[in-house]
Amino acid sequence: MAGIMVTLTAVVFPLHGGDVRAPSAVFNQIFEVFLLLGTAVGVVVVAYTMYHALKYRDDGSEEDPYADKVERPEMGEMPTGGTGGRKVFYSFSISAIIVVSLIAWTYSQLLYIEQGPDPAQEEALEIDVEGYRFGWDFIYPNGHTTNTLRVPQDRVVRLRVTSTDVFHNFGIPELRVKTDAVPGQHTSAWFTANETGTYTAKCYELCGSGHSLMTTEVIVMPQDEYENWYAETEGPTETETAANETGGGDHQIAPATVGGAPA
Amino acid sequence: MSQEHEHGLPPKSSVSRWFLTTNHKDIGVLYLITALFFLLFGGVLALLFRLELITSGADLLGSMGYNQAVSTHGLLMVFWFISPFAFGFANYLVPLQIGADDLAFPRLNALSYWLYLFSGILMGVSFFQGTTFAGGWTMYAPLNTPAYIPGEGLGATSVVLALIMFTAAVTLGSVNFLTTMYRMRAEGLRMRDIPIFSLSINLTVWMMLFAFAALLAALMILASDHILGTTYFQYSIDGTTMATDADNPGASLLWAHLFWFFGHPEVYIVFFPALGVMAECFQTFTGRRLVGRKWFIISMVLVALQSFVVWMHHMFLTGINLPIKTIFMATTIGISLPFDLMVFSLIYTMAKGRVRFTTPFLFSLGALILFIIGGITGVFLGAIVLDYQFRGTYWVVAHFHYVMVSGATALFGGLYYWYPKITGKMYNQTLGKIQFGVYFLGFNLLYFPMFLAWETPRRVFVYPEGLQIWHSMATVGGFVLGASFLIMFYNLFVSLWRGEDVGPNPWEYATSAEWAVSSPPALENFPGVPSYATGKLEFLDDETVAERTEGTPGAAAHGHAATDGGTATDGGAVTARAAATATAMEPAHEVGGEEHASHASFWPFLVSLAGFVTFLGLSGVRTGSVFYLSLATVGGIGTFGSLLGMTREPFHAPEMAIAERWPFERVEKMKLGMWTFLASDIVLFGAFIGSYAFVRVAYGWTAWHHDLIPAEHVTMPGLINTYLLLTSSFLVVIAMVAAERESKRGTVAALVGTFALGVGFLINKGLEWQHLFHIHTEAFPNGWNLSTNIASSTFYLTTGLHGAHVTIGLIICAYMTVRAWNGAYQGDDRAIEYFGLYWHFVDIVWLFLFPLFYIL
Amino acid sequence: MDWKGYTVIYVVLFAFATAQAVVEFTGLVDSAYWVAFALIMVLSVVKAVGVAAYYQHLRWEPRAVTYLVLGGTVAALALTGAAAYSIL
Ligand code: HEM
Ligand SMILES: [Cu+2]
Ligand SMILES: [Cu+2]
C-alpha cells in the first residue's frame, strides 16, 4: 500500500530532483579546488622564478661568483645545453602529477554530468529549446511553446537544444547549465534548481547584431504552482511576443512556430 | 658598408630599394614595420570597444559597430600582427643563425611579403564596403555566410579573400623556410644544433605548412559559398524555412572542425617564435646555456605534433560524443606537460647565472610570468566540466590573452634584443625599462580583471551591474598598455639618429652567428663561408671552399644557380600557390660559377598588386556590378602577365657550396620546395575530401546517394577522365626519358601529348557539367547545379578545385612545350621531373575523387 | 627506370581503374555496399602508391621525402577520421 502511494506521488510529484546533486554543486566544488591549487601553484612558481632572477642577478662585480661551477657561453660556440637538468625533471614531475591527477579526478564528475542522475529514479522534465535570432523558444511535452522558461523547483530538467538559424549557445549561468545550439544538430544538458526565483538565460555564441541582448527569463516555481500553470497550457499556443526587440537591418529569419508536440 | 656590392640594388635610403629588394634582411625589416602598423590598427579597434565596455550598453559604436570592431580586432592581431611580426625576426635572423646568405627562394620571399601587405590592405578596404566582417575571429558558420550578413556583405567577402591571400603568403613562406633550413645550414650544424630561435621557427613553419592548408580549404569553401553560391555552410537551402530534416545538418560543425583543426596549431604557431626569443634572451642575459636544451627541443617537437590532435577542446559543447571528448581531454592535458618542462627549463637557466635586467630580459621574464598564469588557467579549461561553464565567457578571453599576449611580450623583448643588430644603434635602456614597467602594469590591469569578471559572456556589450568595476578597470588598463607603446616607438625612432653606434655584439654572452658579424650585417651576411665543422664558428675563405668541394659529386651545388620563378594562372584563389608550383618550371639555369646572386626584382610587388586588384574585384562580382567585374578582369590579366614576367626574369639564387643538408642531402632545393608544397597541397585536398566525408556522414552516408544525386550522374565520364589523366602521367615520364636521351622530338611529342590529354580531360568535364546543369527530371526539375544541394556543392567544388589544378598544370605544360621546342631540357630532365611531381600529384588526387564522387 | 618499366606500371594502373568501374557495373555497390567500398578504396590506394613510388620516384628518393608526404596524408586523415567519428 505504502509502496503504491510512493509510486503515485512520484508520478504526480517527482520530488527526487531535490536530492540530486545539481550541476552547479559539481561545478562549484571543482572550481574551488582548481582555484585553490591553481593559485598555490601559480604563486609558488612565480615566486620561484623571481627568486632565481633576483638571487642570481649580476651585481656588477668583476669576479664571476660561479666561475668554478658553471661554464659561460662563448661567442660562436655550437649551441648546447647547460648543466642542472635534473632539477628540471623533478619540478616537471611534481607539476605533471598535480595536473594529471586533478584532471583524472574531474573525469568521474564529467561522467555524472554527461549521463545525468539515474533516469529510473529521476523522472526528468524534458523541454525542447530552439534558438533563433534573437531569442529562445521553449517547447513543453504537450506542445506548449513560450519564450520564458518555467520549470518546477527540485526537479531534473532535461533540455534538448537546437537552433533554427545560426550557431547559438544556451546557458543559465546561475544554474551552471550550458550547451551549444547548433542548426541541424541536437545537444542536451540537464539541471535542477533548488531555489525558486527568476534567473537569466543568455546566449554565449556571437550570432549577430542582437547577440548581446539575447537573454530571457528562467522562472523556477514551487512544484504545485508549476503544475497549475502547466495544466492551463494545454496544446500549442501563440509564441509570446518578447525578447525579439533587436533586429537592426539584419536579414531577419522568422522564428519557427512549431506545431505538433514532439513525444 | 657594402654599398658597392649591392648588385643592382639601390641603397637603403632610396625608396625604390624597398620595392625591389629580395634580400632577407630588408624583407625582415619590412615585415617588422608592417606588422607594427597592424598592431596599431588592431590596437585602436580594441581601445574603441574597450571604451564601449567601460559601461554596459552599446552607446558608442552601436551593436553592429561593436561586433565589427571585436571581430576585426581578433583577425588583425592573430593574422596580420603577431605571426608576421615574428616572421620579421625569422626573415632577418634565420639565415644569419644557420649560416646561409639568404633564403632558398629570395623572390618567393619577397612575394610572401607583398602578398601579406596587400592582404592587409584588402582587409582595410573591407571597412569601406558597407560593413566589414562581424562574425567573430572564429567566423562560425552559418553566421559567416551572406544569408546572415546585413546589407550586401561585400566587406565580409573581402575579409575572406584577404585571409586567402594571407594564407597564400604563409604557404609560400613555409615552403621557403623549410627548404632553406634543410638545404642551407652551415657545415657541422645538425638540425638539433641550430640556435633555439631558428629551431622554434622550424617547428612553427612545419605547423604552418599543414595547419594553414586546412584553413585555406575552409576559406576557399567559404569564399565559394559567398561568390559561387555553393551551400557548404548553409543548413538549409532557401534560407527562410527550416525543415526538421535538414538539408545539410553538418554545416555548422564542419566549419568548427576545419577552423579549429587549423586554430589550435595556430595558437602554437603564434607562441613558438616567442618561446624561441625567450630562450635566446634567457641564455644571453643569464650567461647560461639553456638548461635541459635537449628536452626543451623534444618538448617543442612533441607539442608541434600533438597540436594537430587537440582541436576538439574548442568544441566540447557541440554535442560531439563522449569517447571523442575523452580522447581530446587527454591530449589537451598531455600537451600542457611539455610546456611545463619548458617553463622549468627557463627558470633553471637562471640558476648560477649572471642575470642582467636589460630591457629585452625584462620583457622575456615578464613574458614567462604571464605565460605561467595563462597556462594554469588553460588547465582549468582542459577540465571538461569547468570548460562547459567557461566556454564563451571572459575566462577564455582572459586565458588566451595571457598566453598570446605573453607571446607578444616576448617578441617585443626580441625587438629590443635585435634592434642594435638591425640598426647598428643602441636605444635608451632607461626608457626601455620604463616602457616595460608601464606595459606590464597595463597588461595586468587590462587582462586580470577579466578573470574576476569571467561570468560575462564574450563579445557582448551588456553585462551585469556588479561586474562594471572590473570592466572599467580593464578599459583603463587597455589605455595604459596602449600608452606604453608610445614610449617604445619614441625610443626606437629617436635612437635611429641619436642612438650610440654598436659593434657586432653589444650583449655579453650572446653566442649565435648573427652577433659575429657587423651591425647591420653586410648584404651577403658573412665574410666567408660559415662552418661549424670544428665545433666553433669559422669563416672559410674561397680557396678552402674550392679545395673542399673539388671532386665531390654533390658539388652540383657549386655554381649552379636556380631560378625561383612563378607562372601565370587565371588569377583565381590559387594564384600564389601556382607561383610556388611553377618553381618547377624553370629551374637550374646553368650559369658560370662566377655569377653573382640576384637581389632585386620588381615582379613580386606587381604580382601581389595585381592579385589584390583581382580579389577586390572578386569580392563584388556577385552583385554583377561592372566596376567589380572589370577590376576582377584587369586584375586577372595583370596577375597572369606579371607571373609570366616573373617566370621569364633571370634570377640567380645559388645553392651553397658547402652545407649541412640532413635529411635531404640528395634532394635538390627546387625539388625539396616542390615536395614541401605538395605536402601542403595534400592537406588542402585532404581537407576538401574530409569536408565531403563529414557532411555526408552528418547527412547519412548511404541516403546521400539516393536523395541528393540524380541518376544522370553516371560513372562513365569519370572513368574516361581517369584514363586520360593516367595516360598523361605516363607521357610525362616518357618526356623525361626522352629528354634524358636528348631526343628533342620525343620530348616535344610527349609534352604535346600530355597537354592534349589534359585539355581532353577538361573538355570532357565541361560537357559532363553542362549536362548535369541542365537536366530536367522529377527529382531535379531545375537541373543539378552548384546550389542545388550539398551533394552538388561538394561535387562541383571539389572536382572544380582539381580542375583548377589541371588548368595550372596545363599552363606550365604549354610553357615547357615551347621551351622544349626551342631545345631546352635536353640532357637535363630535372625541370620536367619537377613539373611531373605536380602533375602526378594531380593525377593521384583524381584517383580518389573518381571513386568518391562517381562510384560510391 | 626506363620506358619499359614505366609502361608496365601504366598498364597496371589502367587495369585497376577499369576494375573499379567493373565493381560498379557488376552491381556490387548496390548489393554489398561496404564490401564494394572497401574494395574500391583499396584499389585507389594501391594505384596512388604506384604513381607516387614509380612516377614520382619516391622509391629512389631519401626516405625523408616519403615521410614528408606521409605527414601531410596522416594530418588529412586525422582530420577526416576524427571529425566524422565525433558525430557518429
Ligand atoms: C597550457 C596549456 C593550455 C591548455 C590546457 C589550453 C586549453 C584551452 C582550452 C581547453 C581552450 C578552449 C576554451 C573554450 O573555448 O571553451 C582554450 C582556448 C584558447 N587557447 Fe588555450 N590552452 C593552453 C595554452 C594556450 C597557448 C600557449 C595559447 C597561445 C599562445 C593558447 C591560446 C588559446 C586561444 C587563442 C583560445 C581561444 C580561442 C577562441 O575561442 O577564440 N592556449 N585553451
Ligand atoms: Cu548569440
Ligand atoms: Cu586549443
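Above this note sits the structure.
Residues numbered from 1 in each chain as written. Chains lettered and ligands numbered in written order. Predicted model: local features only at pLDDT ≥ 70, side-chain atom pairs only at ≥ 80, totals over all residues. Heavy atoms only, no water.

(A) Representation of the overall build of chain A in the model. Along its length, chain A carries four helices and 10 strands. Starting at the N terminus, the α and β elements of chain A follow one another as α-α-α-β-β-β-β-β-β-β-β-β-β-α. Sequence separation of at least 24 residues holds for 71% of the intrachain contacts in chain A that already meet a minimum separation of 6. Total accessible area on chain A is roughly 12,300 Å²; 58% of this is exposed by carbon and sulfur atoms. (Helix = DSSP H or I, 4+ residues; strand = E, 2+ residues; numbered from the N terminus. Contact = heavy atoms within 4.5 Å. Areas by Shrake-Rupley, 256 points an atom, 1.4 Å probe, with all protein chains shown as cover.)

(B) Molecular detail of the coordination of the iron atom of ligand 1. Residue and element names in this part refer to chain B. Coordination of the iron atom of ligand 1 by the protein involves just one donor, His-399 (NE2), at a distance of 2.2 Å. Separating the iron atom of ligand 1 and the copper ion (ligand 3) is a distance of 4.8 Å. Structurally, His-399 is set in helix H12 (residues 394–423). (Donors = N, O, S within 2.8 Å, 3.2 Å for Na, K, Ca; no water.)

(C) A negative patch on the surface, seen in detail. On the surface, Asp-541, Asp-542, Glu-543, Glu-547 and Glu-550 of chain B cluster together to form a negatively charged patch. Within the secondary structure layout, Glu-543 of chain B lies in helix H15 (residues 542–549). (Patch = residues over 30% accessible without salt bridge, like charges linked within 9 Å, V, L, I, M, F, W, Y side chains within 5 Å. Salt bridge = Lys/Arg side-chain N within 4 Å of Asp/Glu carboxyl O. Lys, Arg positive; Asp, Glu negative; His and termini not counted. Charge placed at Lys NZ, Arg CZ, Asp CG, Glu CD.)

(D) Looking closely at the interface of chain A and chain B. At the interface, 93 residues of chain A touch 100 residues of chain B. Here chain A and chain B share an interface that buries about 8,500 Å² over both sides, 67% of which is from carbon and sulfur atoms. When the buried area of chain A at its contact with chain B is split by residue, Met-75, Met-78 and Leu-206 of chain A rank highest and sum to 8% of it. Our enumeration of links across chain A and chain B arrives at seven salt bridges. (Buried area = accessible area lost by both parts, 1.4 Å probe.)

(E) Region of the structure containing the sheet that holds strand S2 (residues 135–139) of chain A. Residue and element names in this part refer to chain A. Taken in spatial order, the five strands make up an open sheet running S3-S2-S1-S5-S8, and their pairing is mixed. Where the open sheet ends on each side, the last strands, each with one partner, are strand S3 (145–146) and strand S8 (187–191). Where strand S1 (residues 125–132) and S2 come together, five bridges link them in antiparallel fashion. Looking at S2, one finds that Glu-130 is bridged to Asp-137. (Pairing = 2+ DSSP bridges.)

(F) Examining the site of ligand 1 more closely. All names here are of chain B. Near ligand 1, the surroundings consist of 23 residues, among which Trp-137, Asp-387, Arg-391, His-399 and Arg-458 are the closest. In the model, an oxygen atom of ligand 1 is placed 2.5 Å from a nitrogen or oxygen of the Asp-387 side chain. His-399 places a polar side-chain atom, nitrogen or oxygen, 3.0 Å from a nitrogen atom of ligand 1. At the level of elements, helix H7 (251–286), helix H9 (322–349), helix H10 (359–382) and H12 are the ones that each hand at least two residues to the shell around ligand 1. Taken together, the residues of the shell around ligand 1 break down into 12 nonpolar, eight polar and three charged. (Near = heavy atom within 4 Å. Polar contact = N/O pair within 3.5 Å; in protein donor to acceptor, adjacent residues only side chain to side chain. Nonpolar A, V, L, I, M, F, W, Y, C, P; charged D, E, K, R; others polar.)

(G) Quick look at the environment of Lys-765 of chain B. Residue and element names in this part refer to chain B. Within the secondary structure, Lys-765 sits in helix H22 (residues 744–773). Taking the C-alpha atoms as reference points, Lys-765 and Pro-717, 48 residues apart in sequence, are found 7.3 Å from one another. Beyond its immediate sequence surroundings of up to four residues, Lys-765 is in contact with Asn-721, Thr-799, Trp-846 and Tyr-854.

(H) Structural view of the pairing of S2 of chain A. All names here are of chain A. With five of its five residues buried, S2 lies for the most part within the structure. Every second residue of S2 is oriented toward a common face, with Gly-135, Asp-137 and Ile-139 on one face and Trp-136 and Phe-138 on the other, all of them buried. Between the end of S1 and the start of S2, which pair antiparallel, lie two residues. In sequence, S2 turns back onto S3 through a hairpin of five residues, with Gly-143 there showing a positive phi of about 95 degrees. (Buried < 20%, exposed > 50% of the residue type's maximum accessible area, 1.4 Å probe, protein only.)

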